[in-house]
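Observations on the three-dimensional arrangement
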Amino acid sequence: MQVPAPHILQPDQLYKAFNSSDSGLNEDEARRRKGQFGPNELPKGRRISWFKLLTKQFKSLLVLILLFAAVISWFSGEIIDTWVIVVVVIVNAGIGFSQEFRAEKAISSLERMLMETAKVIRTGDQIIVHPRELVPGDLVVLEEGDRVPADGRIIFAKSLRTVESALTGESLPISKHANAIDLDTVMADRKNMVWKSTLVAGGFARMVVTGTGANTAIGEISTSLGGFRRRRSSFMKKTDLLARQMTAIAIGSAALIFLIGWLIRDMDLEEVLMMSIAALVAAVPEGLPAVIAIVLAIGANRMAKRNAIVREFTATETLGSVTTILTDKTGTLTQNELTVRKVYVPGIGEFEITGEGWFPVGNFKQNGATVDPDRIPLLKQLLKIAAVSNNSQIHPVSTNGKDSGNSGNGRKYQLSGDPTEGALTVLAQKGGLNPESLKAGKLDDLPFDSQIKMRATLYAHGDQRNLYVVGAPERVLGAATSIQTISGEIPLSNKYREEIKQVIDQWSGDAMRVIALASRSAYNKDNISPGELTELTFAGLTGMIDPPRPDAMEAVRRCKKAGIRVIMVTGDHLNTAVAVATATGIIGDNDKGNVLALDQKQLEELSESEFDNVIQRVNVFARLTPKMKLHIASRLQTMGELIAMTGDGVNDAPALKKADVGVSMGRSGTDVARDTSDVVLADDNFASIVNAVEEGRIVFTNARQTSFFLITTNIAETVTLLIPISMGWPLPLIATQILWLNLVTDGVTDMALAAEPGHGDVMDPLALRNGNILNRKIIGFLLINVVIMAGLTLTAFVWYFSDGIKKARTATFVVMALTQMFNVFNLRSLDRSVFRIGFFSNKWINLAIGVSVALLIAVTELPFLANLFHFESLPRIDFLVLCALSSTVLWAGETYKYVRYLLKFN
């Protein structure tokens with residue numbers, strides 16, 4: 001049952017279109033329609049089964065190369081080699097699977113049910129049902145505090161206001177009515193419609209359900225996400241390139257050895273084939289997939305400790321490579337908690353109010369000095385009006401001693417009711433009033449009326465009855481005839497009116513929401529009539545904002561320092577967006593004099609070239625639809641930018657999925673936003689994404705350096721094999737010995753290298769998206785290390801050859817293993833000296849070196865292992881001499897870094 005435009009229909013027409021009535025549907029018809037339309041549930045989000053998570057770990061070019069090497073080893077009779085490689089692949093898959101499985105469980109623990117119950121009228125009776133039971137045509141009752149269970153057309157409303165920030169980006173409540181509106185009215189302005197998953201901030205209403213499940217506004221966005229294919233991640237592209245490079249080296253070296261041995265040296269086919277397999281094993285970095293998985297896992301765990309939960313494993317590194325962050329405003333850069341910042345009292349002046357969000361503690365300041373509201377009767381009267389003409393409540397909630405942004409002493413405060421009224425309640429509490437204790441004097445209440453733009457409360461104080469009024473400043477000022485001053489109540493003169501208007505204009509220009517307060521004494525009726533909100537006595541003004549998060553400005557500054565551009569894309573008003581962007585530093589002093597912000601209508605008027613030019617220069621875009629957010633993200637990606645998109649609402653979901661890294665809010669975010677994101681912020685704090693970027697850059701650095709460590713070793717081993725074969729010598733190392741080096745010696749030390757902390761320079765501007773793992777920057781380092789490592793091992797082989805092939809291979813093995821260990825210290829940083837970093841700043845390195853030395857001694861000295869790997873014991877003095885010679889790698893690396901440093905600054 002689809003009605004194309006329910007917003008244009010009158011209530012009786014709506015009943016007819018949905019074959020319903022003011023008694024609602026009967027149970028039989030509701031069951032029939034549920035069978036026709038299905039349950040009122042959103043399409044299931046991205047939930048990957050454990051089996052798919054497991055098979056996903058094998059979809060890597062590096063893993064496929066290892067499996068290919070395992071197959072060759074199997075058919076060549078090298079069973080031990082085969083099983084070693086298979087174990088490596090399984091370990092790699094296990095690491096990746098466990099990390100992503102834990103992330104999925106963490107996300108599930110963050111999710112909250114959107115709605116547990118709905119009030120529906122069936123056959124004239126109001127009953128409670130689960131929202132999934134609702135069908136088109138149902139008559140639903142909405143009250144303050146409810147979450148709207150389905151899309152609906154309002155047929156009756158009394159002071160209804162809904163919060164639609166999750167869908168449209170509008171942070172303030174929207175007043176609703178039951179009147180029909182024009183056909184071409186855009187969704188955000190359809191004031192007679194309510195949308196699934198939005199919140200009722202105040203008032204009462206009845207609605208006819210017009211859409212359920214996928215046929216809702218939120219459902220259509222969720223369904224449309226299935227058409228988006230995420231780009232292959234930056235890190236996957238880099239590792240694929242590395243795999244192709246190493247494959248070319250491995251196959252090339254094996255083929256070269258085969259050709260030299262068979263065609264030039266005329267060796268037996270079986271012998272040359274074994275040499276080729278040894279070369280293939282030497283050139284393929286068997287431990288690389290596992291160590292990359294470990295690097296990503298360590299980075300993901302570090303991010304989780306900083307409140308960023310990684311769902312997509314490779315997003316750990318990709319986040320560190322982003323060049324642009326597209327961020328929502330409401331709830332991301334701001335606290336999504338209206339806070340009164342200023343109060344104006346006629347004849348006394350302005351007061352500044354400290355404190356954040358719903359936490360009801362703060363000071364009143366005037367001219368920089370803290371004042372006591374109890375000593376200022378007119379201010380105290382204003383606070384009483386704020387407390388009494390109000391239906392909101394602020395509830396303390398325990399946070400187990402953890403600070404949660406708007407908390408103190410282990411407590412967090414939550415709002416029940418309208419955010420504007422909540423801000424006034426907090427203001428009154430900061431002034432020493434207890435709104436709950438004042439409720440006993442309430443005789444009648446008129447909720448906020450969108451027509452008169454005021455709300456009022458009839459309050460009894462002893463035998464006297466007073467009206468307390470709160471509302472839009474222009475309406476309250478228009479209804480006021482007098483003003484309360486220090487000298488008493490006097491007529492509201494033009495002089496005072498001009499002064500008040502100047503304050504209103506100034507605060508509005510600063511993107512504050514201005515609320516006026518007034519009273520009327522001796523109101524001797526039992527009920528409030530909207531037409532009698534006249535002859536008011538003006539009491540003052542309050543200016544409130546949705547404040548930026550305390551650390552948002554520092555987070556934006558860190559982004560700029562790191563060379564990352566921050567762009568605000570929001571559905572909120574332009575002035576509010578500019579104010580928040582200025583407060584957080586997205587708009588800086590250098591931007592003054594240029595176009596600061598544009599809204600959707602202005603963007604739609606631009607040509608394609610003008611649009612591209614604008615999104616490269618302007619950093620604030622307001623009143624955007626989901627389609628426009630997606631278009632901005634897509635165009636920036638086309639220009640070569642690596643995009644991270646942050647958001648919490650349904651309207652953010654398409655761009656979250658399109659972005660290279662989608663980052664959603666774990667607490668305030670919708671299920672749709674979380675399901676389409678790669679990273680979820682557990683604390684909803686924009687600053688956490690900057691911390692995650694820092695960890696992502698550390699991940700990239702560690703991935704590069706651990707990969708380089710393994711590649712250096714493998715190329716050195718390949719050269720060590722090629723030269724003897726070319727000279728007609730025996731192999732200096734056999735395949736099993738090479739596997740021990742690659743999997744045991746390297747495997748212990750590279751895991752420790754993967755845990756290397758940052759060295760304080762990762763947030764410097766770096767073009768990491770163009771930084772391949774194996775690039776020109778490290779070629780010089782690679783050549784030096786390879787020459788020294790291969791040269792030393794071959795020297796040892798030649799020196800000990802006269803003592804027999806076993807002892808020669810043992811000496812060769814010892815030198816190759818020890819040079820690898822010394823090279824670990826080199827590769828803790830490609831730029832900084834290990835003496836500057838500190839030998840003990842990474843305890844895992846020292847532990848790994850100790851374990852590696854112990855294993856080296858064990859495999860060459862213990863008879864069982866020595867026989868298994870074809871080794872012969874070396875004299876202790878020889879071992880020490882070989883160790884001293886192997887340290888040449890460290891000193892050469894330090895010299896290379898120093899020379900590069902001199903060339904850079906001279």
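About the cut-offs
- Residues numbered from 1 in each chain as written.
- Predicted model: local features only at pLDDT ≥ 70, side-chain atom pairs only at ≥ 80, totals over all residues.
- Heavy atoms only, no water.
- Axes fitted to C-alpha atoms, helices over the stretch in contact; angles between N-to-C directions.
- Helix = DSSP H or I, 4+ residues; strand = E, 2+ residues; numbered from the N terminus.
- Parallel < 35°, antiparallel > 145°, perpendicular 65-115°, else oblique.
- Left-handed = near helix turned anticlockwise from the far one by under 90°.
- Contact = heavy atoms within 4.5 Å.
- Nonpolar A, V, L, I, M, F, W, Y, C, P; charged D, E, K, R; others polar.
- Salt bridge = Lys/Arg side-chain N within 4 Å of Asp/Glu carboxyl O.
- Buried < 20%, exposed > 50% of the residue type's maximum accessible area, 1.4 Å probe, protein only.
- Pairing = 2+ DSSP bridges.
- Expected span 1.5 Å × (residues − 1).
- Phe/Tyr/Trp six-rings, centres within 6.5 Å; stacked < 30°, edge-to-face > 60°.
- Core = buried A, V, L, I, M, F, W, Y, C linked by side-chain atoms within 4.5 Å.
- Patch = residues over 30% accessible without salt bridge, like charges linked within 9 Å, V, L, I, M, F, W, Y side chains within 5 Å.
- Areas by Shrake-Rupley, 256 points an atom, 1.4 Å probe, with all protein chains shown as cover.
- Polar contact = N/O pair within 3.5 Å; in protein donor to acceptor, adjacent residues only side chain to side chain.
- pLDDT = per-residue confidence, 0-100.

**What about the packing of helix α26 (residues 779–800) against helix α27 (residues 805–826)?**
Packing of α26 against α27 brings their axes to within 8 Å, and their N-to-C directions diverge by 155 degrees. Taken together, the axes of α26 and α27 lie roughly antiparallel to each other. Helix-helix and strand crossings are classified by hand; for α26 and α27 the assignment is right-handed. Two secondary-structure elements touch here, α26 through Phe781, Asn785, Met789, Leu792, Thr793, Ala796, Phe797 and Tyr800 and α27 through Ile805, Lys807, Ala808, Arg809, Ala811, Thr812, Val815, Met816, Thr819, Gln820, Asn823 and Asn826. For the contact of α26 with α27, the per-class residue count stands at eleven nonpolar, seven polar and two charged.

**Looking at the packing of α27 against helix α31 (residues 876–886)**
Contact pair α27 / α31: the axes reach a minimum separation of 9 Å and the direction vectors enclose 45 degrees. Classified by the angle between their axes, α27 and α31 sit oblique to one another. Between α27 and α31 lies a crossing whose hand is right-handed. For the pair α27 and α31, contact is made by Ala811, Val814, Val815, Leu818, Thr819 and Phe822 and by Phe879, Leu882, Cys883 and Ser886, respectively.

**A look at the pattern of salt bridges**
Enumeration according to the criterion identifies 31 salt bridges in this entry. As a salt-bridge pair, Arg306 and Glu695 come within 3.0 Å of each other at their nearest N and O atoms. Separated by 389 residues along the polypeptide, Arg306 in the loop between α10 (288–305) and β8 (308–310) and Glu695 in helix α24 (residues 686–727) bring together distant segments of the chain. Classification of Arg306 as partly exposed rests on a relative accessible area of 27%. Given a relative accessible area of 9%, Glu695 falls into the buried group. Through salt bridges that share partners, Arg161, Asp418, Glu421, Asp445 and Arg455 make up one connected network.

**Looking at the pairing of strand β27 (residues 661–665)**
β27 sits mainly inside the fold: five of its five residues count as buried. Because side chains alternate across β27, one face comprises the buried residues Val661, Val663 and Met665, and the other comprises Gly662 and Ser664, equally buried. Bridge count for strand β26 (residues 643–647) against β27 is four bridges, and the pairing is parallel. Residue pairing for β27: Gly647 is matched across the bridge by Ser664. Alignment of β27 against strand β28 (residues 679–681), held across three bridges, turns out to be parallel. The residue bridging Met665 from the neighbouring strand is Leu681, located in β28.

**Here we look at helix α12 (residues 377–388)**
Taking 1.5 Å of rise per residue, the twelve residues of α12 would be expected to cover 16 Å, and the 16 Å separating its terminal C-alpha atoms lies within 8% of that figure. For α12, the buried fraction is high: ten of the twelve residues fall into the buried class. Inspection of α12 places Leu378, Leu379, Lys380, Leu382, Leu383, Lys384, Ile385, Ala386, Ala387 and Val388 among the buried residues, and these make up the whole buried set.

**Section: the packing of aromatic side chains**
One pass over the structure, following the stated rule, counts twelve aromatic pairs. Their ring planes at 45 degrees and their centres at 5.5 Å tell us that Phe359 and Tyr413 sit as a pair that is tilted. Highlighted residues: Phe359 in the loop between β11 (349–353) and β12 (364–366) and Tyr413 in strand β15 (residues 411–416), separated in sequence by 54 residues. Between Phe835 and Phe839 the ring centres are 5.1 Å apart and the planes differ by 75 degrees, which places this aromatic pair in the edge-to-face class. Using a relative accessible area of 48% as the deciding quantity, one classes Phe835 as partly exposed. Note on Phe839: relative accessible area 26%, which makes it partly exposed. Three or more aromatic residues joined by ring pairs make a cluster, and in this case those are Phe825, Phe835, Phe839 and Trp891.

**Here's the deal with the nonpolar core**
For soluble globular proteins, nonpolar side chains are generally found buried alongside one another. If you look at the biggest cluster of nonpolar residues, it comprises 68 residues, and the most contacted ones within it are Phe708, Phe813, Val814, Leu827, Ile845, Leu856 and Leu882. Beyond its immediate chain neighbours, meaning those up to four positions away, Leu856 contacts Phe813, Val814, Ala817, Leu818, Met821 and Phe879. Counting residues in each nonpolar core, the second largest holds 40 residues, with Ala552, Ala581, Val661 and Ala692 among its members.

**Regarding a nonpolar patch on the surface**
Where nonpolar side chains cluster on the molecular surface, the patch consists of Val71, Trp74, Phe75, Ile79 and Trp83 and spans about 590 Å² of accessible area. Among the elements of the structure, α4 (61–75) and α5 (79–110) are those that each provide at least two residues to the nonpolar patch. With respect to the secondary-structure elements, Val71 resides in helix α4.

**Structural notes on the environment of Ser389**
One can find Ser389 in the loop between α12 and β14 (393–398). Linking Ser389 and Leu446, residues 57 residues apart in sequence, is a C-alpha distance of 8.8 Å. Not counting the four nearest positions on each side in its chain, Ser389 is found in contact with Arg455, Ala456, Thr457, Tyr468, Val469 and Val470. Here Thr457 takes part through its side chain, which lies 3.4 Å from a polar atom of the side chain of Ser389. Looking at Ser389, its side chain comes within polar contact range of the main-chain oxygen of Tyr468, at 3.3 Å.

**Let's talk about the environment of Ala157**
The residue Ala157 is located in strand β4 (residues 151–163) in this model. Relative accessible area serves as the criterion here: at 25%, Ala157 is assigned to the partly exposed category. Taking the C-alpha atoms as reference points, Ala157 and Met207, separated by 50 residues in sequence, lie 8.6 Å from one another. Those residues in contact with Ala157 that sit more than four places away from it in its chain are Lys176, His177, Phe204 and Ala205.

**Overview of the pairing of strand β17 (residues 454–461)**
Of all eight residues in β17, six are buried; the element is thus mostly enclosed. Here strand β16 (residues 442–449) runs beside β17; their pairing, made up of five bridges, is antiparallel. Within the sheet, the bridge partner assigned to Asp449 lies in β17 and is Met454. Where β17 and strand β18 (residues 464–471) come together, eight bridges link them in antiparallel fashion. Counterpart to Thr457 in the pairing with β18 is Tyr468. Between β17 and β18, which pair antiparallel and follow one another directly, the connecting turn spans two residues, one of which, Gly462, has a positive phi of 70 degrees.

**Considering the confidence of the model for the protein chain**
For the protein chain, per-residue confidence averages 84 on the pLDDT scale, and residues scoring 70 or more make up 86% of the total. Note that pLDDT drops below 50 for residues 109–115; the model gives that stretch 21 contacts with residues more than four away or on any other chain. Note on residues 400–405: pLDDT under 50 across the span, and seven contacts to partners over four residues away in sequence or across chains.

**Description of unusual backbone geometry**
Of note, Asn367 is a non-glycine position whose phi angle comes to about 55 degrees, a positive value. Within the fold, Asn367 resides in the loop between β12 and β13 (369–371). For Asn367, a relative accessible area of 80% puts it in the exposed group. Phi is positive for Ala522, which is not a glycine, with a value near 55 degrees. Looking at the secondary structure, you find Ala522 in the loop between β21 (513–520) and β22 (536–545).

**Things to note about the environment of Leu856**
Among the secondary structure elements, Leu856 is positioned in helix α29 (residues 843–861). Under the relative-accessibility criterion, Leu856 is labelled buried at 1%. Between the C-alpha atom of Leu856 and that of Val814, which follows or precedes it by 42 residues, the distance is 7.3 Å.

**So, the side chain of Thr327**
Relative to the helices and strands, Thr327 resides in strand β9 (residues 324–327). What makes Thr327 buried here is its relative accessible area of 0%. Discounting chain neighbours no more than four positions away, the residues touching Thr327 are Thr332, Leu333, Val566, Ile567, Met568, Val569, Thr646 and Phe686.

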